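Coordinates in review
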Amino acid sequence: MLAAGQQEKAFNEIVKNYSERLYWNVRRMVGSHEDTDDLVQEIFIKIWAALSSFRGESQLFTWIWRISVNESLNFLRKQKVRAALTFQSITEMEERRIDSDPYFNGTEAERLLMKAIAKLPTKQRMVFMMRYFDDMKYEDISEILDTSVGSLKASYHFAYEKIKGELKENF
């Protein structure tokens, strides 16, 4: 628990130390720069609101990432509902978003990788991105997603195999 005067200082440190990593974590999940900016603001609002109740029972990093993951999952659920209401495939929507993103400056191979990742089920996508891009330990991912390490290893393996198969089709 933080004293009243320490909360603002702690929050400013969190913003300073985690903004960029948080942005890229969310960006890989949702695909769009504009959606990512909105979500990161929402995440920092949630962090601010909950900071006074942070008890230190988990690492600060995993606590922040759990908030980030929950907000990203909520966003993705809403996207699925929007896609269903417009009779579109969520995968097609995500692929279109990747193709039309003016901020994407990667190679064609990176674009294909992002499209392959977008096709993964949500849990596999989360696990793959935290492990592959953020090089997180399975134990930390386990704490963030509240899932066993064994289950995470299986999810990562299945995601890896699906992505590998998808990329082989395109090369």
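For the structure itself, look to the data block above.
What comes next is a walk through the structure.

Conventions and cut-offs
Residues numbered from 1 in each chain as written. Predicted model: local features only at pLDDT ≥ 70, side-chain atom pairs only at ≥ 80, totals over all residues. Heavy atoms only, no water. Helix = DSSP H or I, 4+ residues; strand = E, 2+ residues; numbered from the N terminus. Phe/Tyr/Trp six-rings, centres within 6.5 Å; stacked < 30°, edge-to-face > 60°. Buried < 20%, exposed > 50% of the residue type's maximum accessible area, 1.4 Å probe, protein only. Lys NZ or Arg CZ within 6 Å of the ring centre and 35° of its normal. Axes fitted to C-alpha atoms, helices over the stretch in contact; angles between N-to-C directions. Parallel < 35°, antiparallel > 145°, perpendicular 65-115°, else oblique. Contact = heavy atoms within 4.5 Å. Nonpolar A, V, L, I, M, F, W, Y, C, P; charged D, E, K, R; others polar.

**Description of the environment of Phe 158**
Along the chain, the position of Phe 158 falls in helix α8 (residues 149–170). C-alpha separation for the pair Phe 158 and Phe 128, spaced 30 residues apart in sequence, amounts to 9.3 Å.

**Some remarks on the packing of aromatic side chains**
Within this structure, the stated rule accounts for eleven aromatic pairs. On the basis of an interplanar angle of 75° and a centroid distance of 5.2 Å, the ring pair of Phe 11 and Trp 48 is categorised as edge-to-face. Here Trp 48 lies in helix α2 (residues 33–51) and Phe 11 lies in helix α1 (residues 4–30), a separation of 37 residues in the sequence. With a relative accessible area of 37%, Trp 48 lands in the partly exposed category. An aromatic cluster is built from Phe 128, Tyr 132, Phe 133, Tyr 138 and Tyr 156, whose rings are joined through pairwise contacts. Lying over the aromatic face of Trp 65, Arg 21 brings its terminal NZ or CZ to 5.4 Å of the ring centre.

**Some thoughts on the packing of helix α7 (residues 138–145) against α8**
The contact between α7 and α8 brings their axes to 9 Å, and the two run at 105°. Regarding the angle of α7 to α8, the classification is roughly perpendicular. Here Tyr 138, Glu 139, Ile 141, Ser 142 and Leu 145 of α7 lie close against α8, whose contacting residues are Val 149, Leu 152, Lys 153 and Tyr 156. Here the contact of α7 with α8 is composed, by residue class, of six nonpolar, one polar and two charged.

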